[in-house]
Amino acid sequence: MDAADIAPDLTKVLYTSAEIEARLAELAAQIDRDYAGSNPLLVGVLNGAVMVMADLSRALKIDCEMDWMAISSYGSGTQSSGVVRILKDLNTDLVGRHVLVVEDIIDTGLTLTYLMQNLASRNPATLKIMAMFRKPDAMKIDIDVAYVGFDLPNQFVVGYGLDYAGKYRNLTDVGILAPHVYS
Ligand code: PRP
């Protein structure tokens, strides 16, 4: 679905699918240069990263491999607690690998802080982050992100993997959710 299909549910379209595709092409070109010849392992964090992983990996010209983690944040409601339970671990040994974590969004930064510590302890050769979106005003902890698609306002944003109660992940554009949907 695109923004026109759910127009009443959005107050604003922030990025169209064409803008997302163009930005991903730029990031893929950077990653092609930075990881040339190193067969990086792209680590996707389920569920939100499915869209960006699928599009980024196909935009790359270099060889890469993919693996997935499923994690659950301890804590109540929608607030990230930063303490993470691993529901599905990687199948791949990270020792000596060039690992690029692929995320849909960095919100508070707590989830990735925990995850990066966990992955670093597995002795990869390098460990970096690619995030399609980031909310600078929501970040509670500074994270070094090697590749960022777009910075978002600290509002309820859906689409391109970002959900509200499980919905809107399949929205091809990214927009601000209308308050009537969640209030
Ligand atoms: C989202 C996103 C990150 C995390 C970021 O996942 O994919 O993993 O939240 O939040 P933080 O920076 O505040 O820690 P979520 O837990 O919503 O699960 P999902 O990927 O299945 O949507």
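Cut-offs used in this document
Residues numbered from 1 in each chain as written. Predicted model: local features only at pLDDT ≥ 70, side-chain atom pairs only at ≥ 80, totals over all residues. Heavy atoms only, no water. Helix = DSSP H or I, 4+ residues; strand = E, 2+ residues; numbered from the N terminus. Rg over C-alpha atoms; globule rule 2.2 N^0.38 Å. Expected span 1.5 Å × (residues − 1). Contact = heavy atoms within 4.5 Å. Pairing = 2+ DSSP bridges. Axes fitted to C-alpha atoms, helices over the stretch in contact; angles between N-to-C directions. Near = heavy atom within 4 Å. Polar contact = N/O pair within 3.5 Å; in protein donor to acceptor, adjacent residues only side chain to side chain. Areas by Shrake-Rupley, 256 points an atom, 1.4 Å probe, with all protein chains shown as cover. Parallel < 35°, antiparallel > 145°, perpendicular 65-115°, else oblique. Left-handed = near helix turned anticlockwise from the far one by under 90°. Nonpolar A, V, L, I, M, F, W, Y, C, P; charged D, E, K, R; others polar.

K.L.:
Let's hear about the overall build of the protein: which residues, and what values?
P.N.:
Looking only at helices and strands, the protein has 4 helices and 9 strands in total. Counting helices and strands in the order they occur from the N terminus, the protein gives β-α-β-α-β-β-β-α-β-β-β-β-α. Expected size for 183 residues packed as a compact globule is a radius of gyration near 16 Å; at 16 Å, the protein falls within 12% of this value. Taken over the C-alpha atoms alone, the protein extends approximately 50 × 35 × 25 Å along its principal axes.

K.L.:
Could you give an account of helix H1 (residues 17-34), with specific residues and numbers?
P.N.:
Relative to the 26 Å expected for 18 residues at 1.5 Å per residue, H1 spans 25 Å between its end C-alpha atoms, a close match to the ideal helical length. Where H1 is buried, its residues meet strand E1 (10-15), helix H2 (50-59), strand E5 (98-106), strand E6 (126-134), strand E7 (147-151) and strand E9 (174-177).

K.L.:
Go over the sheet that holds strand E4 (residues 84-88), please, and point to the residues and values.
P.N.:
Within the open sheet, the 6 strands sit side by side as E4-E3-E2-E5-E6-E7. Their pairing is mixed. Both edges of this open sheet fall to E4 and E7, since each of them pairs with a single strand only. This sheet shows a mean twist of 30° between the axes of neighbouring strands, independent of strand direction. Examined bridge by bridge, E6 and E7 share 4 bridges and lie parallel to one another. Bridging from a neighbouring strand, Arg 134 pairs with Asp 151 of E7. Strands in contact with H1 are E5, E6 and E7; relative to E7, the strand with the most contacts, it is inclined by about 160°.

K.L.:
With reference to specific residues and values, describe the site of the ligand.
P.N.:
Inspection of the region around the ligand gives 15 residues, with Glu 103, Asp 104, Thr 108, Gly 109 and Thr 111 positioned closest. Within the side chain of Glu 103, a nitrogen or oxygen atom sits 2.6 Å from an oxygen atom of the ligand. Contacts to the ligand include Thr 111, whose side-chain N or O atom sits 2.4 Å from an oxygen atom. Protein contacts shield 77% of the accessible area of the ligand, which totals 500 Å² for the unbound molecule.

K.L.:
How would you summarise the sheet that holds E1 if you had to cite specific residues and measurements?
P.N.:
As summarised here, the arrangement of the 3 strands in space is E1-E9-E8, forming an open sheet in which the pairing is antiparallel. The open sheet terminates on both sides in strands that have one partner only, identified here as E1 and strand E8 (157-158). Pairing of E1 with E9 involves 4 bridges; the strand directions are antiparallel. Across the sheet, the residue bridging to Leu 10 is Leu 177, located in E9.

K.L.:
I'd love a proper account of the packing of H1 against H2, names of residues and values included.
P.N.:
Two quantities define a packed helix pair, namely the angle between the helix axes and the distance between the axes. For the pair H1 and H2, the least separation of the axes is 9 Å and the interaxial angle reads 55°. Between H1 and H2, the angle is such that the two are oblique. Regarding H1 and H2, the two cross each other, and that crossing is right-handed. Contacts between H1 and H2 involve Leu 24, Ala 28, Ile 31 and Asp 32 on the former and, on the latter, Val 52, Asp 55, Leu 56 and Ala 59. Looking at the contact of H1 with H2 residue by residue, the class counts come to 6 nonpolar, no polar and 2 charged.

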